[in-house]
Amino acid sequence: QESGYEKAKSAKKMLNDGTVILRKTLDKLFYETTSDANKQTFDDWRDSASPFHWFIEFPEVFLNGGFDMVLGNPPYIAKGRVDYNTEGHVTSNCPDVYAICMERAATITREDGAFSMIVMANLVFGERYQSLREFLSKRFSSRFVAGFTKIPASLFEGARVLNVIFIGMNSG
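Computed from a predicted model, the values in this text were never measured in an experiment. (Residues numbered from 1 in each chain as written. Predicted model: local features only at pLDDT ≥ 70, side-chain atom pairs only at ≥ 80, totals over all residues. Heavy atoms only, no water.)

Peer 1: Which parts of the structure should I look at to understand the packing of helix H1 (residues 4–32) against helix H2 (residues 42–49)?
Peer 2: When two helices pack together, their arrangement is given by the angle between the helix axes and the distance between those axes. The geometry of H1 relative to H2 is characterised by a closest axis approach of 11 Å and an angle of 95 degrees between their N-to-C directions. One finds that H1 runs roughly perpendicular with respect to H2. Residues Lys24, Asp27, Lys28, Phe30 and Tyr31 of H1 pack against Phe42, Trp45 and Arg46 of H2. A breakdown of the residues in the contact of H1 with H2 according to their chemical character gives four nonpolar, no polar and four charged. (Axes fitted to C-alpha atoms, helices over the stretch in contact; angles between N-to-C directions. Helix = DSSP H or I, 4+ residues; strand = E, 2+ residues; numbered from the N terminus. Parallel < 35°, antiparallel > 145°, perpendicular 65-115°, else oblique. Contact = heavy atoms within 4.5 Å. Nonpolar A, V, L, I, M, F, W, Y, C, P; charged D, E, K, R; others polar.)

Following this line, the structure appears as structure tokens:
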């Protein structure tokens, strides 16, 4: 008769095997939607793209509604300089990848959680970032922005952009 330890070990192996299969299946689906699909083999694409499936890696977090706090410094890269699909987001019309990163990060934050990002100041005034501002306004009832009047060389070595720190949360 199998002991409790052996049953747990067997169940863990089954779960791990299933996770590996699920991860690969999702990677293939994602690969098929990218513009790189005709340029790279699946394995080469997966090695370069390093897809990450939040709900697989942190299932207990998503069973509880998301992360309590999301804090980040997303990349500041013009969408034209990246070779992957940026369509299908509320912020797809924004010119920089950081907008999509902020949108995604906000969606994995619990409804009653807190969210903060340091991003370029064009979040606040850039006409082409209106959809991001609207998204953040709908997502968070309380929003705070701290701006800097000088380029924050003391924050980031070699940084040559004006930054703001955005903080969002829902009042409850």
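On we go.
Peer 1: When you look at the nonpolar core in this model, what are you seeing that I'm missing?
Peer 2: Taken as a class, soluble globular proteins show a tendency for nonpolar side chains to be buried jointly. Tyr98, Met102, Phe115, Leu123, Leu132 and Leu136 are the most contacted members of the largest nonpolar core, which has 23 residues in total. Among the elements of the structure, strand E1 (67–72), helix H5 (97–107), strand E2 (109–120), helix H7 (130–139) and strand E4 (163–169) are those that each provide at least two residues to this core. The element that contributes the greatest number of residues to this core is H5, accounting for five residues. Filtering out sequence-adjacent residues up to four positions away, Leu136 remains in contact with Met102, Phe115, Leu123, Arg143 and Phe166. (Core = buried A, V, L, I, M, F, W, Y, C linked by side-chain atoms within 4.5 Å. Buried < 20%, exposed > 50% of the residue type's maximum accessible area, 1.4 Å probe, protein only.)

Peer 1: Could you clarify how one ought to interpret the environment of Met102 in this entry?
Peer 2: With respect to the element layout, Met102 can be found in helix H5. C-alpha separation for the pair Met102 and Ser137, spaced 35 residues apart in sequence, amounts to 13 Å. Look past the residues within four positions of Met102 in its chain and what remains in contact with it is Phe115, Met117, Val119, Leu123, Leu132, Leu136 and Phe166.

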